[in-house]
Amino acid sequence: MSGGHGSRPTLEAVAAHAGVSRATVSRVVNGGAGVRAEVRDRVQRSVDELGYVPNSAARSLVTRRTGAVAVVIAEPETRVFADPFFAQQLRGISRELSERDMQLLLLLLEQRRDHTRIGRYLSGGHVDGALMFSLHTHDPLPAMAAESGLPTVFGGRPGWPGSEREPRPLYVDTDNRGGARQAVEHLLERGRRRVAVITGPLDQTSALDRLHGYRDALGVVEADPALVAHGGFTAEGGERAMAELLDRTPDLDAVFAGSDLMASGAIRTLRAYGRRVPDDVAVVGYDDLEPAAWADPPLTTVRQDVEGMGRMMAELLMRRLGLGPEPATPEGVPTSVVTPARLIVRASS
């Protein structure tokens, strides 16, 4: 049923159809309180039958909300669209926001001047909150979000200057240090004695924590520089890092790569050098993204629930905004969620 002759049904038409006042319909469609459940259900049935669509501009004036969340990834588009990690995290965020009838606006950092553009947008009242991840140590975005007062949830343990001060940032992370420790302990248990590591950017807490987990498993304060190379969380970086390691330490018999992409690049280099995986060199990655199981040989890796962490970030923000299952109070909203990491053993080790 429609409002007649192609016209959009009005708030008044819904009120007449449901047998309630215009004000009651307004409270229902804008999520207001003070409406009995049976009346709310009757209004919702009329909304559905008439095909009424609330005017978003008017709704924003009433609720003081935009119905949108900014998702800020502090990486260029070439990195974001080449790495399946970001696709999985965005999938989780998108699914949670869709369930709350919220829109996702994706903002990427292509160059340094984009910080100013994004900071201006976030402080301009265009969104109700922000989700930020893949941040680097000296990234100005967290300070910009704090100055604007915009509710923000971060992906990854905060590591920027001032993040230890109150109020503590809201964040979702995985046990990167514990996961890396599991990976290297597994290699040692398999009898490997010269275990190298390929790290991500060490100005990101995830990469730094994984390096610390590698050291923990070896029982050292500082790693042997000859066994450490930097791969930038990319397949190409993993290829280059593996070549550096083989040139410096040709007798290495295992490598822990801090991401599946870097592990895949390392395996390509090992093949080019005539090394067999795992006979000559065992390889363990991190993430357990879908391509890990398709690799040749299938990749031993540390599983983190990337999509689940995306959902948790969005849920934490909704709760902070008072739109989730718990009230927006300091007691009701946790300041952080750290998910477990689990080793998945396959043929590469």
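Visitor: What should I look at first to understand empty space enclosed by the protein in this one?
Guide: Empty space among the atoms can be located by rolling a probe the size of a water molecule over them. Under the defined criterion, the tally for this structure stands at one cavity of 30 Å³ or more. Residue lining of the largest cavity: 33 residues in total, with Phe 85, Ser 134, Gly 155, Gln 204 and Ser 206 positioned closest to the centre. Those elements that provide at least two residues to the lining of the largest cavity are helix H6 (84-99), strand E4 (152-155), strand E5 (170-174) and helix H10 (205-218). Residues of the lining of the largest cavity, tallied by class, amount to 12 nonpolar, 14 polar and seven charged.

Visitor: Mind showing me how you'd approach the pattern of salt bridges here?
Guide: Opposite charge on two side chains permits them to pair, given that their charged atoms come into close proximity. By the definition in use, this model includes 22 salt bridges. Here Asp 114 makes a salt bridge to Arg 117, at a shortest N to O gap of 3.5 Å. Highlighted residues: Asp 114 and Arg 117, both in helix H7 (residues 114-122), separated by three residues, approximately one helical turn. Under the relative-accessibility criterion, Arg 117 is labelled partly exposed at 37%. In this structure, the salt-bridge partner of Arg 346 is Asp 288, at a minimum N-O distance of 3.0 Å. Pair noted here: Arg 346 is in the segment after strand E12 (342-344) and Asp 288 is in the loop between strand E9 (282-287) and helix H13 (290-294), with a separation of 58 residues, a long-range link.

Visitor: For this particular structure, what's the right way to read the environment of Pro 158?
Guide: Within the fold, Pro 158 resides in the loop between E4 and E5. Classification of Pro 158 by relative accessible area gives buried; the value is 13%. In this structure the C-alpha to C-alpha distance between Pro 158 and Glu 185, which are 27 residues apart in sequence, comes to 27 Å.

Visitor: So what exactly am I meant to see when it comes to a nonpolar patch on the surface here?
Guide: A cluster of nonpolar residues, Phe 81, Leu 104 and Leu 106, forms a patch on the protein surface that exposes about 280 Å² of accessible area. By secondary structure assignment, the location of Leu 106 is in strand E2 (residues 103-108). For Leu 106, a relative accessible area of 34% gives the class partly exposed.

Parameters at a glance
Residues numbered from 1 in each chain as written. Predicted model: local features only at pLDDT ≥ 70, side-chain atom pairs only at ≥ 80, totals over all residues. Heavy atoms only, no water. 1 Å grid on protein atoms, 1.4 Å probe; cavity = no way out; pocket = protein on both sides within 12 Å on 5 of 7 lines; lining within 4 Å. Points joined across faces, edges and corners; volume = space filled by probe spheres on them. Helix = DSSP H or I, 4+ residues; strand = E, 2+ residues; numbered from the N terminus. Nonpolar A, V, L, I, M, F, W, Y, C, P; charged D, E, K, R; others polar. Salt bridge = Lys/Arg side-chain N within 4 Å of Asp/Glu carboxyl O. Buried < 20%, exposed > 50% of the residue type's maximum accessible area, 1.4 Å probe, protein only. Patch = residues over 30% accessible without salt bridge, like charges linked within 9 Å, V, L, I, M, F, W, Y side chains within 5 Å. Areas by Shrake-Rupley, 256 points an atom, 1.4 Å probe, with all protein chains shown as cover.

In short, the description is geometric, and any link to function would need to be established separately.
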